[in-house]
Amino acid sequence: MSDNSEKNILSRTFGNLNTKNILSSLVVGIVSGVIAVSSVISFAFLIFSGELSTHISTGIGLVLFSGLVTSALIGLMSSSPGIIAAPQDGPTPILAILATSIIAQIHSSGSETQILPTI
């Protein structure tokens, strides 16, 4: 990244900071964060249910980390100021069905140790 583009990103991000903007940004960030964390934890419980329930702690960690990385990248790299990105609930049932069918295939092949790395 060149110096000009770095200065442009920094000035766009921190250019109009004052007490009112900082306070409102913190409140919105905290509320959005709480909602996003509770949402992704519920997504993990849906995806890692049934036979995958023994791996729920790993699933929660994976979903939280991927949500954090995605939200941070979109928030920092967006050309529009004030963008808040959060994981959506639409793909979650599809991912849960896919996980269940993958587990069925793994059971039929007999390699039980490959369940978590495959999912």
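Above this text sits the structure in question.
Residues numbered from 1 in each chain as written. Predicted model: local features only at pLDDT ≥ 70, side-chain atom pairs only at ≥ 80, totals over all residues. Heavy atoms only, no water.

## Observations concerning a nonpolar patch on the surface
Counted only if it meets this: Within the patch definition used here, like charges are joined within 9 Å and nonpolar side chains (Val, Leu, Ile, Met, Phe, Trp, Tyr) within 5 Å, considering only residues with over 30% relative accessible area and no salt bridge. Here, Shrake-Rupley sampling with a 1.4 Å probe gives the accessible areas, and only protein chains in the shown set may cover a residue. A side-chain nitrogen of Lys or Arg and a carboxyl oxygen of Asp or Glu constitute a salt bridge if their distance falls within 4 Å. For helices the rule is a DSSP run of H or I covering at least 4 residues; for strands it is a run of E covering at least 2, with both sets numbered from the N terminus onward. Partly exposed residues are those whose accessible area sits between 20% and 50% of the maximum for their type, while under 20% is buried and over 50% is exposed, using a 1.4 Å probe and protein chains only.
Together, Phe-65, Leu-68, Val-69, Leu-73, Leu-76 and Met-77 give the surface a local cluster of nonpolar side chains, amounting to about 640 Å² of exposed area. Note on placement: Leu-76 falls in helix α3 (residues 56-77). Its relative accessible area of 53% is what places Leu-76 among the exposed residues.

## Section: helix α2 (residues 19-47)
Defined as follows: To estimate the expected span of a helix, subtract one from its residue number and multiply by 1.5 Å. The criterion used for residue contact is that any of the two residues' heavy atoms lie within 4.5 Å.
For α2, built from 29 residues, the straight-helix expectation of 42 Å at 1.5 Å per residue is met to within 8% by its first-to-last C-alpha distance of 41 Å. Among all positions of α2, only Ala-36, Val-40, Phe-43, Ala-44 and Ile-47 are buried. Looking at the buried positions of α2, the neighbouring elements they touch are α3 and α4 (91-109).

## Section: α4
For an α-helix, 3.6 residues make a turn, and residues three or four places apart therefore share a direction. Worth spelling out the cut-off: This arc corresponds to the set of directions leading from the helix axis out to the C-beta atoms.
With 19 residues, α4 extends 27 Å from end C-alpha to end C-alpha; this agrees with the ideal 27 Å at 1.5 Å per step. Every buried residue of α4 is listed here: Thr-92, Ala-96, Ala-99, Ile-103 and Ile-106. All buried residues of α4 fall inside an arc of 85° around its axis, so they share one side. Exposed positions of α4 whose direction lies more than 90 degrees from the buried face are Ile-94, Ile-97, Gln-105, Ser-108 and Ser-109. Looking at the buried residues of α4, the elements they touch are α2 and α5 (115-118). Backbone geometry just after α4 places Gly-110 at a positive phi near 85°.

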